[in-house]
Amino acid sequence: MPQLKMHWINDGKSADPVQAPACCRIVNFTELDDATDKWLDIVQYGLSDGKKTEEFYHKVMTANATYSEERCFFVLENERAVATLAVLCDYDKKEGYIHMVACREDSRGKGYGTLLNRVAEYILKKEGMQTAFLTTDDWRIPAIKSYLRAGFTPDLSTEDFKARWEKIYAIIAEQRKI
C-alpha cells in the first residue's frame, strides 16, 4: 500500500525563527557529535525496522540530491537527541519535502513533532519554497494530527486515498470523544 501524501502551500506570511521551550533546544545535523548514530537511534522508532547502519542513513538521506545536513534538525531534551525532521528543498521547483520525521518512544506526547513542524514551516518560507509535501503511514495518527495542525492537507487524488483519509478522520474524531 502506498504511503499517504500531504501538501502544504506557502501562505505568503512571514515566519519567525522558532524558539524552543526551556526544556529543550533545536540543533541541526552539523552541530552534533555522532549525528548519524543519533539520527539512526531516533528513526528506529517507527521509521525503520530496528536500528540500522550508516548505510541506511546514506540511502534515505544523503543519496537525495536536495538533502542538506544544515536542514536536518534534532530536538535535544537535556542534551539527548529525541526527535528529528529533515526539510529538503528543490530550488528549481520551489518545492519542499518534509522527510524522516521521528521521535523516540519515550519522548512522544511532549509537542516535539509540533515544534519540528514549526521549524519546517520557517525553513520552507525562508528558503522561498511555494509548496511542500510529505508522505506518511495511516497508523501514524499523532504525526498526522500534527501535520494537519501545521497546515498540511491530505492528498485526495485517488479513491484509495479518499477512503483511507475517511478512516483516519473517523479515528481522530473518536479520539476527541475520549
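These numbers were taken from a predicted model, which means no experiment stands behind them.

Engineer: When you look at the nonpolar core in this model, what are you seeing that I'm missing?
Structural biologist: Proteins that are soluble and globular tend to have nonpolar side chains buried together. Judged by nonpolar contacts, the single largest core of 35 residues is most densely connected at V75, V87, I98, Y112 and F152. Counting only elements with at least two residues in this core, the list comes to β1 (4-9), β3 (72-77), β4 (80-90), β5 (95-103), α3 (112-126), β6 (131-136), α4 (141-149) and α5 (159-177). With seven residues, the top contributor of residues to this core is α3. If we ignore the near neighbours within four places in the chain, the residues touching I98 are L85, A86, V87, A120, L124, F133, L134 and F152. Within the second largest apolar cluster, 23 residues are counted, among which are A35, F56, Y67 and A86.

Engineer: Sorry, what's going on with the packing of α4 against α5 here?
Structural biologist: Helix-helix packing is characterised by the crossing angle of the two axes and by the distance between the axes. In contact at an axis separation of 11 Å, α4 and α5 are set at 95° when each is read in the N-to-C sense. As the angle between them shows, α4 and α5 are arranged roughly perpendicular. Judged by residue contacts, I141, I144, K145 and L148 of α4 engage W165, I168, Y169, I171, I172 and Q175 from α5. Here the residues of the contact of α4 with α5 sort into eight nonpolar, one polar and one charged.

Engineer: Please explain the pairing of β5 as it appears in this structure.
Structural biologist: Successive residues of a regular strand alternate their side chains across the two faces of the sheet. Of all nine residues in β5, eight are buried; the element is thus mostly enclosed. Pairing of β4 with β5 involves seven bridges; the strand directions are antiparallel. Bridging across to β5, A86 finds its partner in H99. Taken together, β4 and the strand that follows it, β5, pair antiparallel across an intervening segment of four residues, in which K94 is found at a positive phi of about 55°. As paired strands, β5 and β6 are joined by four bridges and run parallel to one another. Residue pairing in the sheet places Y97 in a bridge with F133 of β6. The parallel pair β5 and β6 is bridged by α3, and the resulting crossover is right-handed.

Reading the values: rules and limits
Residues numbered from 1 in each chain as written. Predicted model: local features only at pLDDT ≥ 70, side-chain atom pairs only at ≥ 80, totals over all residues. Heavy atoms only, no water. Core = buried A, V, L, I, M, F, W, Y, C linked by side-chain atoms within 4.5 Å. Buried < 20%, exposed > 50% of the residue type's maximum accessible area, 1.4 Å probe, protein only. Helix = DSSP H or I, 4+ residues; strand = E, 2+ residues; numbered from the N terminus. Contact = heavy atoms within 4.5 Å. Axes fitted to C-alpha atoms, helices over the stretch in contact; angles between N-to-C directions. Parallel < 35°, antiparallel > 145°, perpendicular 65-115°, else oblique. Nonpolar A, V, L, I, M, F, W, Y, C, P; charged D, E, K, R; others polar. Pairing = 2+ DSSP bridges. Right-handed = clockwise from strand over helix to strand, strands pointing away.

None of the figures reported here should be taken as evidence of function without further support.
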